[in-house]
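Each chain, written out:
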Amino acid sequence: MAEAYIVAAVRTPVGRRGGGLAAVHPADLGAHALSQLMSRSGVDPAAVEDVIFGCLDTVGPQAGDIARTAWLAAGLPEEVPGVTVDRQCGSSQQAVHFAAQAVMSGTSDLVVAGGVQNMSQIPIAYALRGAADALGFTEGPFVGSRGWRARYGDQEVSQFRGAEMIAEQWDISRRDMEAFAFESHQRAIRAIDEGRFEREIAPLEGVSADEGPRRDTSLEKMAGLKPLEEGGRLTAALASQISDGAAALLIASEAAVKAHGLLPRARVHHISARGEDPIRMLSAPIPATAYALKKTGMSIADMDVVEINEAFAPVVLAWLKETGADPARVNPNGGAIALGHPLGATGARLMTTLLHELERTGGRYGMQTMCEGGGQANVTVIERL
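Residues numbered from 1 in each chain as written. Predicted model: local features only at pLDDT ≥ 70, side-chain atom pairs only at ≥ 80, totals over all residues. Heavy atoms only, no water.

Chemist: How should helix 13 (residues 343-361) be read in this particular structure?
Modeler: Because each turn of an α-helix spans 3.6 residues, side chains separated by three or four positions in sequence point in the same direction. With 19 residues, helix 13 ought to run about 27 Å at 1.5 Å a step, and its terminal C-alpha atoms sit 27 Å apart, in line with that. A large share of helix 13 lies buried, amounting to 16 of its 19 residues. After helix 13 finishes, the residue Gly362 shows a positive phi value of roughly 80°. (Helix = DSSP H or I, 4+ residues; strand = E, 2+ residues; numbered from the N terminus. Expected span 1.5 Å × (residues − 1). Buried < 20%, exposed > 50% of the residue type's maximum accessible area, 1.4 Å probe, protein only.)

Chemist: Would you explain the environment of Gly206 in this entry?
Modeler: Mapped onto the secondary structure, Gly206 falls in the loop between helix 7 (174-193) and helix 8 (219-223). For Gly206, a relative accessible area of 79% translates into the label exposed. Sequence spacing of Gly206 and Gly340 is 134 residues, and the spatial spacing of their C-alpha atoms is 18 Å.

Chemist: Before we go on, may I ask you to explain the packing of aromatic side chains in this structure?
Modeler: For any pair of aromatic rings, the description consists of the separation of the ring centres together with the inter-plane angle of the planes. Scanning the model with the defined rule gives two aromatic pairs in all. The interplanar angle of 45° and the centroid separation of 4.6 Å between the aromatic rings of Trp148 and Tyr152 together place this pair among those described as tilted. Within this pair, Trp148 and its partner Tyr152 are both found in helix 5 (residues 146-152), separated by four residues, close to a single helical turn. Among the residues examined, Trp148 registers a relative accessible area of 18% and is labelled buried. Taking 5.7 Å as the distance between ring centres and 80° as the angle between the ring planes, the aromatic pair formed by Phe160 and Phe312 counts as edge-to-face. Taken together, the residues span a long stretch of sequence, with Phe160 in helix 6 (residues 159-169) and Phe312 in the loop between strand 8 (305-308) and helix 11 (313-323) at a distance of 152 residues. Residue classification places Phe160 among the partly exposed positions, given a relative accessible area of 35%. What makes Phe312 buried here is its relative accessible area of 2%. Looking at Arg11, its charged tip hangs above the ring of Phe197, at a distance of 5.1 Å from the centre. The ring of Tyr291 has Arg274 sitting right over it, with the charged end atom 4.3 Å from the ring centre. (Phe/Tyr/Trp six-rings, centres within 6.5 Å; stacked < 30°, edge-to-face > 60°. Lys NZ or Arg CZ within 6 Å of the ring centre and 35° of its normal.)

Chemist: It is not clear to me how the pattern of salt bridges should be interpreted in this structure. Could you clarify?
Modeler: Two side chains of opposite charge can pair, provided their charged atoms sit close to one another. Applying the stated criterion across every chain, the model contains 16 salt bridges. Glu178 serves as the salt-bridge partner of Arg174, at 2.6 Å between the closest nitrogen and oxygen. Residue Arg174 and its partner Glu178 are both found in helix 7; the two are separated by four residues, about one turn of the helix. (Salt bridge = Lys/Arg side-chain N within 4 Å of Asp/Glu carboxyl O.)

Chemist: Could you clarify how one ought to interpret the side chain of Glu164 in this entry?
Modeler: Relative to the elements of secondary structure, Glu164 occurs in helix 6. Among buried Asp, Glu, Lys and Arg side chains, Glu164 stands out as unpaired, with Arg233 the closest opposite charge at 5.2 Å. In this structure Glu164 touches Glu229, Gly232, Arg233 and Leu234, once residues within four positions along its chain are discounted. (Lys, Arg positive; Asp, Glu negative; His and termini not counted. Contact = heavy atoms within 4.5 Å.)

Chemist: Explanation requested: the packing of helix 10 (residues 285-296) against helix 11 in the structure shown.
Modeler: Across the interface, helix 10 lies against helix 11 with an axial gap of 9 Å and an inter-helix angle of 40°. Two packed elements cross with a definite hand, and for helix 10 against helix 11 that hand is right-handed. The residues of helix 11 that touch helix 10, namely those facing Pro285, Ile286 and Thr289, are Ala318, Trp319, Glu322 and Thr323. When grouped by side-chain class, the residues that make up the contact of helix 10 with helix 11 number four nonpolar, two polar and one charged. (Axes fitted to C-alpha atoms, helices over the stretch in contact; angles between N-to-C directions. Left-handed = near helix turned anticlockwise from the far one by under 90°. Nonpolar A, V, L, I, M, F, W, Y, C, P; charged D, E, K, R; others polar.)

Chemist: Looking at this structure, how should I read the nonpolar core?
Modeler: Soluble, globular proteins show a tendency: their nonpolar side chains are buried together. In this structure, Met177, Leu282, Met303, Phe312, Trp319, Val330 and Met367 are the most contacted members of the largest nonpolar core, which totals 43 residues. Among the elements that line this core, the one with the most residues is helix 11, at seven residues. Among residues more than four places away in sequence, those in contact with Met303 are Leu293, Met298, Arg329, Tyr365, Gly366, Met367 and Val381. Within the second largest apolar cluster, 36 residues are counted, among which are Val7, Val24, Leu76 and Leu262. (Core = buried A, V, L, I, M, F, W, Y, C linked by side-chain atoms within 4.5 Å.)

This is the structure in structure tokens:
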């Protein structure tokens, strides 16, 4: 099978809700990442064969195939097509997988993968609920299905409930989750202050750094917050931040590398996705990681850096318990609790950060995984070259 190489990766800063990127049209957010990607790679944009972007809540300014719209908004060639994919929070990680698969299969030589989300303009689920109301639907995506009800009953399907279920099943205390969340902010602040993100970020609208990390947070402040649900362990401080952003990567074949004089920065070593209980929903990275390690014959100790999305603190803490991974190698520059989670863009953002961290530290292998709606998880392993 042919190899797929990452030759360029760039992202916007991650803006906090109502922050510096809030007023930017989603197509322009994506366009900025795309134009910067092509500029940094030095590749003739007309040589790109497809643009695959992740995005959720594709209504309003995010509707109409945002991958195609963002490419055109960037002033890039009209003959290059685009497609938007939705694997919930893993959408742009899946975009990387589709791009790599296209190259590995030999059907494409140059493919752009990425994602975009402006949650300030279109909050999670709000837009879809509004669209459903406008069409007269009174039930959510699961409740009205006879097949779903026969299999899962009338259980509540909620990421918040899933996170609570994980915290309970793996016996993760609120205090431990707060310590983890606080450390995420501290790592992110250290990374910003040391300039670790500067090479991967393309400033936009006067924003040059991620806006999410809170320098004034403390364990005492976290302890004073009310639970999201009555009697629950989770608070807002233990969840990812609502954010805005975009990211993009260029995936190339060996033939394209030679033809365009490119420098491969990493090889896509493994791609897979697995699913499990859609009610608990957020624990799928655990079996997905086990599956990926079995397929590759590798161990978690082989991974010099791991990026696992911090949708909620218990997601990562349960994964750490099950995998035995070294916490120092996991999200070394903070995660979504501090840096934010612009849904459709996060997968590509994590991959961009993973690549740059491997380059910064001289690590060889990096793993990325994240929980996704429906009880799914993608796993990607890359090898720095």
